[in-house]
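# Structure at a glance
Residues per chain, in single letters:
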Amino acid sequence: MSVRAARVAWVWGRGAGSRRGASSLPQPPLGAVDVAKLLRDATVAGDDGPSEAAARRPPGQCSVLLFPGQGSQVVGMGRGLLRYPRVRELYAAARQVLGYDLLELSLHGPREVLDRTAHCQPAVFVASLAAVEKLHHLQPAVIENCVAAAGFSVGEFAALVFAGAMEFSEGLYAVKIRAEAMQEASEAVPSGMLSVLGRPQTKFSFACLEAREHCQSLGIEKPVCEVSNYLFPDCRVISGHLEALQFLQKNSSKYHFRRTKMLSVSGGFHTRLMEPALEPLTQVLKTFEIKKPLISVHSNIDGNKYLHPKHIQKLLVKQVVSPVKWEQTMHTIYERKKGTDFPQTFEVGPGKQLGTILKNCNLQAWKSYSHVEVLEADGQSDL
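## Considering the overall build of the protein
A tally of regular secondary structure across the protein gives 17 helices and ten strands. Here the protein holds 383 residues, and the buried ones make up 56% of them. Long-range pairs, those at least 24 residues apart, make up 77% of the contacts in the protein between residues at least 6 apart in sequence. As presented, the protein carries roughly 15900 Å² of accessible surface, and 51% of it is formed by carbon and sulfur atoms.

## Here we look at helix α10 (residues 168–188)
The end-to-end C-alpha distance of α10, which contains 21 residues, comes to 31 Å, matching closely the 30 Å that a straight helix rising 1.5 Å per residue would cover. Counting buried positions over the 21 residues of α10 gives 16, a clear majority of the element.

## Some remarks on the packing of helix α4 (residues 87–98) against α10
For the pair α4 and α10, interaxial distance at closest approach is 10 Å and the crossing angle is 50°. Judged by the inter-axis angle, α4 sits oblique to α10. The two elements α4 and α10 cross, and the hand of that crossing is right-handed. Here L90, A93, A94, V97 and L98 of α4 come into contact with α10, specifically with F168, S169, L172, Y173 and K176. Per-class residue counts for the contact of α4 with α10 are eight nonpolar, one polar and one charged.

## Quick word on the side chain of R236
Within the fold, R236 resides in strand β5 (residues 235–241). Within the structure, the side chain of R236 is placed 3.0 Å from the backbone oxygen of F232, a separation counted as a polar contact.

## Comments concerning a positive patch on the surface
A contiguous patch of positive charge on the surface is contributed by R199, R258, R259 and K261. Tracing the chain through its elements places R259 in strand β6 (residues 259–262).

## Comments concerning the pairing of strand β9 (residues 344–348)
Among the five residues of β9, four are classified as buried, and the element is accordingly described as predominantly covered. Across four bridges, strand β1 (residues 63–67) lies against β9 in parallel orientation. Bridging across to β9, L65 finds its partner in F346.

## Comments concerning the confidence of the model for the protein
Confidence along the protein averages 87 in pLDDT terms, with 84% of residues attaining 70 or more. A low-confidence stretch, residues 26–51 (pLDDT under 50), is modelled with 63 contacts involving residues beyond four sequence positions or located in other chains. Note that residues 378–382 has pLDDT below 50 and, in this model, ten contacts with residues that lie over four places away or in other chains.

## Description of the sheet that holds β1
On the basis of which strands lie adjacent, the open sheet formed by five strands has the order β7-β2-β1-β9-β10 and parallel pairing. This sheet does not close on itself; its edge strands, each paired only once, are β7 (296–298) and β10 (369–372). Each strand of the sheet is rotated relative to its neighbour by a mean of 20°, with strand direction disregarded. As judged from the five bridges shared by β1 and strand β2 (residues 146–151), these two strands associate in the parallel manner. For L66, the partnering residue across the bridge sits in β2 and is A150. The sheet strands contacting helix α15 (residues 326–334) are β1, β2, β7 and β9, and the helix crosses β1 at an angle near 170°.

## Observations concerning unusual backbone geometry
A cis geometry characterises the amide bond from G109 onward to P110, with omega recorded as 10°. Following the sequence through the fold, P110 ends up in the loop between α5 (102–108) and α6 (111–114). Phi at R86 takes a positive value of approximately 75°, unusual for a residue other than glycine. Unlike most non-glycine residues, K222 shows phi in positive territory, near 45°. By the element assignment, K222 lies in the loop between α11 (204–217) and β4 (225–232).

## A word on the pattern of salt bridges
Evaluation of the coordinates by the stated rule reveals eight salt bridges. The closest approach of N and O atoms between D115 and R111, which form a salt bridge, is 3.3 Å. We classify D115 as partly exposed; its relative accessible area is 23%.

## As for the environment of L135
Among the structural elements, L135 can be located in helix α7 (residues 117–138). The class for L135 is buried, based on a relative accessible area of 0%. For the pair L135 and F346, spaced 211 residues apart in the sequence, the C-alpha separation amounts to 8.9 Å.

## A few points about the packing of α4 against α7
Two elements in contact, α4 and α7, have axes separated by 10 Å at closest approach and are oriented at 155°. The angle between α4 and α7 falls in the class roughly antiparallel. Where α4 crosses over α7, the handedness of that crossing is right-handed. Side by side, α4 and α7 meet where V87, L90, Y91, A94 and L98 of the first sit next to P122, V126, A127, L129, A130 and E133 of the second. Split by residue class, the contact of α4 with α7 holds ten nonpolar, no polar and one charged.

## A word on the nonpolar core
Here is a general trend for soluble globular proteins: nonpolar side chains tend to be buried in one another's company. Counting 96 residues, the largest nonpolar core has L65, F67, F125, F162 and F168 as its most contacted members. It is α7 that contributes the most residues to this core, ten residues altogether. Apart from the residues lying within four places of it in its own chain, the contact partners of F125 are F157, A158, V161, F168, G171, L172 and V175. One finds F204, C215, C225 and V227 within the second-largest nonpolar core, a separate group that totals 17 residues.

What counts and what doesn't
- Counting starts from 1 at the beginning of each chain's written sequence and moves along it residue by residue.
- Only residues with pLDDT of at least 70 are given local features in this predicted model, and only at 80 or more are side-chain atom pairs given and counted; all residues enter the totals for whole chains, interfaces and linings.
- Derived side-chain values reflect all non-hydrogen atoms in the structure, with water molecules and hydrogen atoms excluded from consideration.
- Comment: elements are numbered from the N terminus, with helices defined as DSSP H or I runs of at least four residues and strands as E runs of at least two.
- Note on classification: 1.4 Å probe, protein chains only; a residue is buried when its accessible area is under 20% of the maximum for its type, exposed when over 50%, partly exposed between these limits.
- Whether two residues are in contact is decided by their heavy atoms, any of which lying within 4.5 Å being enough.
- Accessible surface area values rest on a Shrake-Rupley calculation with a 1.4 Å probe, where residue burial reflects the displayed protein chains alone.
- Under the convention used throughout, the expected extent of a helix is 1.5 Å for every residue step, that is, one less than its residue count.
- Here an angle of 0 to 180 degrees is reported between the N-to-C directions of two axes, which are lines fitted to C-alpha atoms, with helices fitted over the stretch in contact.
- Any angle between 65 and 115 degrees counts as roughly perpendicular, while under 35 counts as roughly parallel, over 145 as roughly antiparallel, and the rest as oblique.
- Helix crossings are classified by the rotation of the near helix relative to the far one: an anticlockwise turn of less than a right angle makes the crossing left-handed, while a clockwise turn makes it right-handed.
- The residue classification treats Ala, Val, Leu, Ile, Met, Phe, Trp, Tyr, Cys and Pro as nonpolar and Asp, Glu, Lys and Arg as charged. All others, Gly included, are polar.
- Whenever two N or O atoms come within 3.5 Å, that pair is a polar contact, provided that in protein one can donate a hydrogen and the other can accept it, and provided that, for residues adjacent in sequence, both atoms are side-chain atoms.
- Patch rule: a residue counts if its relative accessible area is over 30% and it has no salt bridge; like charges are joined within 9 Å, and nonpolar side chains (Val, Leu, Ile, Met, Phe, Trp, Tyr) within 5 Å.
- Any Lys or Arg side-chain nitrogen found within 4 Å of a carboxyl oxygen on Asp or Glu counts as a salt bridge.
- Positive charges are assigned to Lys and Arg, negative charges to Asp and Glu, while His and the chain termini are left out of the count.
- Where a charge sits is defined by one atom per residue type, namely NZ (Lys), CZ (Arg), CG (Asp) or CD (Glu).
- By the convention used here, strands pair only if DSSP detects at least 2 bridges between them.
- pLDDT expresses how confident the predictor is about each individual residue, on a scale running from 0 to 100.
- Here, nonpolar core refers to any group of buried Ala, Val, Leu, Ile, Met, Phe, Trp, Tyr and Cys residues whose side-chain atoms link them within 4.5 Å.

Here it is in structure tokens:
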């Protein structure tokens, strides 16, 4: 069986071929295909590595998929996807898992409800996988030739579902539990995230240290203020107590910050402030039979490829309280000898933030970048 044939219905890799733990989750619509099984059947030498045939193709003929994270959501996302095969069924299945109409919320809002952590993480997850369905319909060779994937924070779950490591319903249910737990942790402590564009002389760690000392002077015990996202050179996101972030904004010139911006999120993600979310996510992941990815999927923890299912289970939990090392991930994926072509890169999901980051990390790789639009009206496309 060809890889092309194997990936025709990738999105239904959650189905009736029941894995352990999947029986308690909604079953897929009739006619849905267990693409994870098809993908494994298509791997000629399963123990020797994922998608070897694609990996042997010249780099310029291969593709990489990037899945966005929380913050990329926007009211109306999904509108440009509904005419593609199975997308409505995908949202119908999501409604069964979540217990509410995610498509209606994604299309019409209200924005303040969509922006809640508990809602926006599942919304971005499903919209990203629906965007892959569109990409497959318009450019099936991109899916056939995909050799690697990475997702930013919650986007990592979508990347793993695409790669066959989890079934759709499992991945979405894990995201639901993760999002609700992170929402609850956020409401326990006033905290947030601050995007900072620095300069070569900026010392982020020193700035965070002084911000923590400032919080201690205010009587805050064990204050949190640390780099939570590594985006591109001189650009970081700092998470922690709101008082710490306000201190950094007020003293931005002292630390050689060129620009600061508070992000529209509910808490200090990817720090120990999210520790209450660890146990719920740990428990739900234990109920799934996670599989070895069929293409390379890179972890937010260190940018390296996941090695085996237990590795995935461990790092997905650790990721909640650890910084997202996206800059390092981009260097790992796109490192190559001078003169070697870069793969085509597709950002699948709302927003183009990952493309902007790629441009700042590796301009040559960005020249082969495209975005799969999720907002446009029928008849329009940027592919």
